[in-house]
Amino acid sequence: MANETILLVDDEEEIISFIQDALEIEGYHVLTAGSGREALIQSEQQPSLIILDVMMPEMNGIEVCEQLRESTQCPIVFLSACQSEVDRIRGLAAGGDDYLLKPFSLAELKARIHAHLRREQRIHAQKEQGLLRFQSLMIDCKGHAVTCSGHNIALTNKEYQIVELLAMHQGQVFSREQIYEKLWGFDAEGDDATITEHIKKIRAKLAAHAQDRSYIQTVWGIGYKWDPK
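Described in the following lines is the structure provided in the data block. (Residues numbered from 1 in each chain as written. Predicted model: local features only at pLDDT ≥ 70, side-chain atom pairs only at ≥ 80, totals over all residues. Heavy atoms only, no water.)

## Remarks on the pairing of strand β2 (residues 29–33)
Going by this rule: In this analysis, strands are considered paired if DSSP registers two or more bridges between them. Going along the chain from the N terminus, every DSSP run of H or I of four or more residues is numbered as a helix, and every run of E of two or more is numbered as a strand.
Taken together, the five bridges between strand β1 (residues 5–9) and β2 define a ladder with parallel strand orientation. By the bridge assignment, L7 is partnered in β2 with L31.

Here it is in structure tokens:
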């Protein structure tokens, strides 16, 4: 994982210095930002992962994350002293991949960073091949086909697009509204209830061949994510 670039965003200089020193010892190249606006500028350097504080003046971490998701798909790990379930849900709904509470264990932070980067490397390698593999399930991105244990799963075009979107961003939570806008567009007639029905049909088709895994997980109060575990 050495030489990966990490963007570290926090308005507390002591935390910036503490985490930066620890990550640079591990071989990471660390970019830093002390505000949300600075983070948006630094993100143009295409970091491999972003560590983002929630409580910042002027522009908080949730707002920053929402703007970052318009241009970057790299993992975003929130650091926050806000411990309520509502706060964690807001962070995930904004496009965050992980949420670590302050005070935090440096060893745990490094382990989560490593896990996210390792997952991104696997997904990138699979994308290069045009294939995404999850145990017995395989998604052929070039052929727009999904198979499980060699059996073709007959998905409609929109069902396939939902599967591909979630699978290509494994672990990232998408709201029904986000999925609808990405696949149908802002001006399409309909509502996000359409997504609920499509997910129900996708799950039924997957379950017919992969009874031990659901793949699409509901994140209550937010939406859905791809989780093959």
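## Quick notes on the packing of aromatic side chains
Describing an aromatic ring pair means giving the distance of the ring centres and the angle of the ring planes. Definition in use: Aromatic pairs are defined between Phe, Tyr and Trp rings, using the six-membered ring for Trp, whenever the two ring centres lie within 6.5 Å; interplanar angles under 30 degrees are classed as stacked, those over 60 as edge-to-face, and all others as tilted. Each residue is placed in one exposure class: buried if its accessible area under a 1.4 Å probe, protein chains only, is under 20% of its type's maximum, exposed if it is over 50%, and partly exposed if it falls in between. Any Lys NZ or Arg CZ that is within 6 Å of a ring centre and within 35 degrees of that ring's normal is treated as a charge sitting over the ring.
The tally for this structure, following the rule as stated, stands at four aromatic pairs. Ring centres 6.0 Å apart and planes at 45° place the aromatic pair F78 and Y99 in the tilted group. Of this pair, F78 sits in strand β4 (residues 76–80) while Y99 is found in strand β5 (residues 98–101), placing the two residues 21 residues apart along the sequence. For the pair F78 and Y99, a shared accessibility class is recorded, and that class is buried. Within the aromatic cluster, the residues linked to one another by ring pairs are F134, Y215 and W226. Looking at K158, its charged tip hangs above the ring of W184, at a distance of 4.9 Å from the centre.

## Observations regarding the sheet that holds strand β11 (residues 216–219)
Stated precisely, the cut-off is as follows: Working rule for contacts: check all heavy atoms of both residues, and any pair within 4.5 Å makes them a contact. Lines fitted to the C-alpha atoms define the axes, with helices restricted to the stretch that makes contact. Angles between their N-to-C directions range from 0 to 180 degrees.
Here we have three strands laid out as an open sheet, ordered β10-β12-β11, and antiparallel in their pairing. Of all the strands in the sheet, the pair left with one neighbour each is β10 (174–175) and β11. One ladder, built from two bridges, connects β10 with strand β12 (residues 223–226); its direction is antiparallel. Looking at β12, one finds that F174 is bridged to Y224. In the packing of helix α8 (residues 193–207) onto the sheet, contacts are made with β11 and β12, and the angle to β11 comes to roughly 140°.

## So, the nonpolar core
Convention followed: In plain words, nonpolar cores are sets of buried Ala, Val, Leu, Ile, Met, Phe, Trp, Tyr and Cys residues tied together by side-chain atoms within 4.5 Å.
By size, the foremost hydrophobic cluster in this structure holds 28 residues, and its most contacted members are L137, I139, V146, I162, L166, I179 and W226. Within the residue set of this core, elements represented by two or more residues are β6 (131–134), β7 (137–140), β8 (145–148), α6 (157–168), α7 (176–184), α8 and β12. Ranked by residue count, the leading element in this core is α6, at six residues. In this view, W226 contacts F134, L137, I139, V163, L166, A167, Q170, G171, Y215 and I216; residues no more than four positions away in its chain are not counted. Ranked by size, the runner-up nonpolar core spans 21 residues in total, among them V9, C65, F78 and Y99.

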